[in-house]
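Chain by chain, the residues run as shown.
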Amino acid sequence: MSLRSCLFLFALLACTIACTDEASTADVLDDSFESMERILSKDDSVKIESADLISKFSYDYYIDEHEVTVGEYSQFLGESFDSDEENLPVTDVSFYDAVFFANAKSKAMKLDTAYIYEGKTKSSDGHIVFLGNLTTDFSSNGYRLPTEAEWIYAAKKGWDPSKNAWTAENSDYKKHPVCELPKDGNGLCDMAGNVLEWTNDLLSDIRDSSVENFAGASSANALNEIVVKGGSFRNAAASIQLKNRGDVYTVTPSMHAAYVGFRLVRGIADFVHQSKNADSHEETSDAKALASASAVKKSLGTFNAILAFRDDETGNIGYISFASSRPQVTEIVDTIDAYHPVISPDGSKIAFCTRPEGISGVSKLYVRDLNAEGSNLIQLDVESAAIPRFRVVGADTQIVYVTSAANNTDEGEWKQESTWSVPFADGKFGTPKKLFDGTYNGGVLSDGSIAVSGARLLRARVNGQESIWLDGEQACNVSLSENSHQILFLDFGSETGTVFSGSSYLAHEQLLVAGSNGKLKTMIPAPQNFAFDHSEWVENVQNYAVAALTDADGAHSKIVLVNTLDSSILDLASGSELWHPNLWVDALDDNDNSELELDSAGVYLEEGDEFEFQALRAKMELFWDRADSLEVVLLGSSRVEDGLNSFRMDSSYATINMGHPGNSFSFIKYIAENYVLNHTARLKAIVISLDLDIWQTDEDYYYLNRFKNYPGVIYDSHHHFWKNGTPQGFKTAVQSAYAVQPVRKNFLAFLGHSKIEATGWGNVAEINTDSTWASVYPDLVETQFSRLEALLSLAKLKGIPIVGIIFPQSPLYRETGSFGRYGPQRSVALQMIERLEKLQKSHSNFVLMDENKMGNHDYTDDIAHGVDHLASPGAKQLTDRLDSVLKTLETFR
């Protein structure tokens, strides 16, 4: 024992005798603290910034002044070593190797072991890759790995990677003997740089918490990730931060790498694990589209492109359609962990798996519809399938997959797994067929002549011959292009890449392209202060790739489109953590959609607009989506929206409800003559609301004028409302245009109908305007009748009947002088109804349904909602009556 340690323990003993307060847990440990430093953390706290979490300490602890060396590691495990490496930090050890060493050292020092497990599993190269039922006994006085909180607290005093660390700037890309650089304020060496260090913590997703003695997650996440700290000789100083918790690769306990080591601690306390429901995914995402449709078209020659990705913050698949005036992110919310999404050749489906590249274990493969609901989910019924890739062989669509996503370093283990293909047609899987031994997760050409693999080594199979490219140096994120037969990948500042480019670079700072012979052809630098990750070719266009960009904090904060010819980059999307991009481009797009202006097409709403317009935007999408099959269209006010149930209409004819708040008769006429009557070849009837009390509106009505000024409506009118047919891509543009998604989804789901609860007619007949308006301004009434007659004439020319409904209002209006909520006087209303009855006689295509009967109706209080709307039970009653009327019309016979 060193003199310093003896003096320290003497002082510690004296304090223990003299003080009456309870001793720190570190004080009751024995005297085996050679090469350890005491950290006075009791009653203090530390912030774990990446988790927005404060960990308080109830104890002091001891930590190794340096990383465990090759000499120490070999000594306690009884292994031989090269004397030249004695003082180098031990690396290429798994988390389980480090745990096993901690127990071995505890036993050698006659201490209690901190780790309990049942049996171990070793790989063919001697690493421990599993310890059964592993738990940590924090009450033990033995050695263990530090918690993340302990590691940060010990490292923060004097933390300065730019001045006192072995980093990419000064390390010559290799590890150095421990303590060659000065110690920090706690007497510790190499907390920053030299080698990345294991901690004891399972990665936790906890946010905004304050706990005592935090020790990571209580159970592993889907990938079984472990927290690592400190950076290494491979990392730039600017990228080594206290808050960092991971590596370029996903860090699991079986992983081992030449730049990962560890140091040990001793400390006794009651530790707290935090848990989170692993089966729930966050629905809130900060992902957003950055590129406009025009920018995408300028690069790719088309805006018929869809970007899919994993949002690692939510665990969901997100996607962006660029065939939109305002591309936006849609997330498919689910509990399935989804990695490596890939869009089918026709753009209608998306396949994904449950394990990412480099991670061993069972993976499941799924395919679902590419829509907000992710409908028609199916699973491939095999033991394990990972990293799917679509390909077309002849006329058949296939999915190529591998049986394991694990790395390919050990050839024997790698060849125990295999590559397969399975036909996929009509939403169903065919029979899987084995292609090769080995997991060629980077892709297989349709003719099978080239296959590539890239999780640690760049392996290739060319015309049946297997080889390792890049001189055996480390590579990942490999992608094989069906179009060009070129191979895209990332490396770690390889010597091969350095020689080719003429200058050194850091991990993932270059995107590399090799030919089918494995020789480098070009390299594309990442934008300043970023590195690439998750690179993939874009099929159906030449020389374009997509990749995630990692920022200085290691976050995958952007997805970009990369031109591999001129190295130009287009930002496609941003978010906290966006992984595994896949960009689908329509192979059948012949650019007939060149006339489509996505800044205008389908834009029937702008951000911040009122609910009335949010509802109408959804109805316009419903209309364009179903126009070719529509037989009945319901038009009018919110009384139509609430009071007629599209789903309850006879299923033999297709119906949508386009009623919406803020309506007027001029609005009804505008929609009917410009949209409905121009585009519904199968139309059998139009149903309209005859809202006599709101016939006071005129051409200057706010809602109609606002609607006419939307870019989409202006665009439609400039093209004569597409009387000769819409251009290619128009419906997609409408679907992709800006919408308030909850409102959109609700109306799309119920075909435009709004289901509302019954609250009754109320106790008071509200009158919200001067009911004498029709007497004061009789021209308003005449104008509305003229509009109605014009609409009837236009519809008659096309052989379309119109059913006009006077919706019921509160019976209490019988006790007032007003017809309804907005007038008119009851005497005037009677005259208007008489005129409507005459119109029914003079116009053979007009049917009047007076369901109000001047308040003498049979719509009871228990089926109403407010003074002038029907609730869902009332909608059922009225819809059934409408159905009966429609069946009497000649067009329905």
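Please read all numbers here as calculations on a predicted model, not as lab measurements.

Cut-offs applied
Residues numbered from 1 in each chain as written. Predicted model: local features only at pLDDT ≥ 70, side-chain atom pairs only at ≥ 80, totals over all residues. Heavy atoms only, no water. Helix = DSSP H or I, 4+ residues; strand = E, 2+ residues; numbered from the N terminus. Buried < 20%, exposed > 50% of the residue type's maximum accessible area, 1.4 Å probe, protein only. Contact = heavy atoms within 4.5 Å. Areas by Shrake-Rupley, 256 points an atom, 1.4 Å probe, with all protein chains shown as cover. Arc of directions from axis to C-beta. Pairing = 2+ DSSP bridges. Axes fitted to C-alpha atoms, helices over the stretch in contact; angles between N-to-C directions. Parallel < 35°, antiparallel > 145°, perpendicular 65-115°, else oblique. Left-handed = near helix turned anticlockwise from the far one by under 90°. Nonpolar A, V, L, I, M, F, W, Y, C, P; charged D, E, K, R; others polar. Phe/Tyr/Trp six-rings, centres within 6.5 Å; stacked < 30°, edge-to-face > 60°. Lys NZ or Arg CZ within 6 Å of the ring centre and 35° of its normal. Patch = residues over 30% accessible without salt bridge, like charges linked within 9 Å, V, L, I, M, F, W, Y side chains within 5 Å. Salt bridge = Lys/Arg side-chain N within 4 Å of Asp/Glu carboxyl O. Lys, Arg positive; Asp, Glu negative; His and termini not counted. Charge placed at Lys NZ, Arg CZ, Asp CG, Glu CD.

**Q** I would appreciate a short explanation of the overall build of the chain in the present structure.
**A** A count of helices and strands for the chain gives 18 helices and 44 strands. Along the three orthogonal principal directions, the C-alpha set of the chain runs to about 110 × 75 × 45 Å. The buried share of the chain, taken over its 893 residues, is 57%. Partitioning the intrachain contacts of the chain with sequence separation of at least 6 by distance along the chain shows that 66% fall at a separation of at least 24. Counting only carbon and sulfur atoms, one obtains 47% of the accessible surface of the chain, whose full area is about 35700 Å².

**Q** Before we go on, may I ask you to explain helix H5 (residues 293-300) in this structure?
**A** Working note: α-helix, 3.6 residues per turn, so residues spaced by three or four point in the same direction. Residues Ala293, Val296 and Leu300 constitute the buried set of H5. Seen along its axis, H5 keeps its buried residues to an arc of 65°; they face one direction. Looking at the packing, one finds that the buried side of H5 touches strand S17 (305-311), strand S36 (544-550), strand S37 (556-563), strand S38 (569-574) and strand S39 (578-585). Of the residues one or two after H5, Gly301 is the one with positive phi, at around 85°.

**Q** Please clarify how helix H4 (residues 148-155) should be interpreted in this entry.
**A** Most of H4 sits inside the fold, with 8 of its 8 residues counted as buried. Residues of H4 that are buried: Glu148, Ala149, Glu150, Trp151, Ile152, Tyr153, Ala154 and Ala155.

**Q** Where do I start with the sheet that holds strand S30 (residues 450-462) in this structure?
**A** Picture the strands of a sheet paired through backbone hydrogen bonds; they go either parallel or antiparallel. Taken in spatial order, the 6 strands of this open sheet run S29-S30-S31-S32-S33-S34, and their pairing is antiparallel. At either end of the open sheet lies a strand with only one pairing partner, and these are strand S29 (443-444) and strand S34 (520-525). The pairing of S29 with S30 spans 2 bridges and is classified as antiparallel. If you follow Gly443 over to S30, its bridge partner there is Val452.

**Q** How should I be thinking about the packing of helix H8 (residues 611-626) against helix H10 (residues 665-679) in this particular structure?
**A** Relative orientation and spacing of two packed helices are given, respectively, by the angle between their axes and the distance between those axes. Running from N to C, H8 and H10 cross one another at 20°; their axes reach a closest spacing of 11 Å. The angle between the axes of H8 and H10 places the two elements in the roughly parallel class. As for how H8 packs across H10, the hand of that crossing is right-handed. Across the interface between the two elements, Leu616, Met620, Phe623 and Trp624 of H8 pack against Phe667, Ile671, Tyr675, Val676 and His679 of H10. Of the residues that constitute the contact of H8 with H10, the class distribution is 8 nonpolar, 1 polar and no charged.

**Q** Could you clarify how one ought to interpret the packing of aromatic side chains in this entry?
**A** Two measures describe an aromatic ring pair: the distance that separates the ring centres and the angle between the ring planes. For the coordinates displayed, the defined rule picks out 42 aromatic pairs. Between Tyr675 and Phe721, the ring centres sit 5.2 Å apart and the planes meet at 80°, which makes this aromatic pair edge-to-face. With Tyr675 in helix H10 and Phe721 in the loop between helix H12 (711-718) and helix H13 (730-736), the pair connects residues that are 46 residues apart, well separated along the chain. Comparing Tyr675 with Phe721, the two get one shared label, buried. With centroids separated by 5.4 Å and ring planes inclined at 55°, the aromatic side chains of Trp722 and Phe730 adopt a geometry described as tilted. The burial state of Trp722 is the same as that of Phe730; both residues are buried. The residue whose ring lies beneath Arg310 is Trp579, and the NZ or CZ to ring-centre distance is 5.8 Å.

**Q** Can you walk me through the sheet that holds strand S16 (residues 288-289) in this structure?
**A** Here we have 5 strands laid out as an open sheet, ordered S16-S38-S37-S36-S35, and antiparallel in their pairing. Two strands close off the open sheet at either side, each with one partner strand: S16 and strand S35 (531-537). Running over the sheet, H5 touches S36, S37 and S38 and is turned about 140° from S38.

**Q** Before we go on, may I ask you to explain a negative patch on the surface in this structure?
**A** Together, Asp43, Asp44, Glu212 and Asp270 make up a region of like negative charge exposed at the surface. One can find Asp44 in the loop between strand S1 (36-39) and strand S2 (45-48). Judged by its relative accessible area of 33%, Asp44 is partly exposed.

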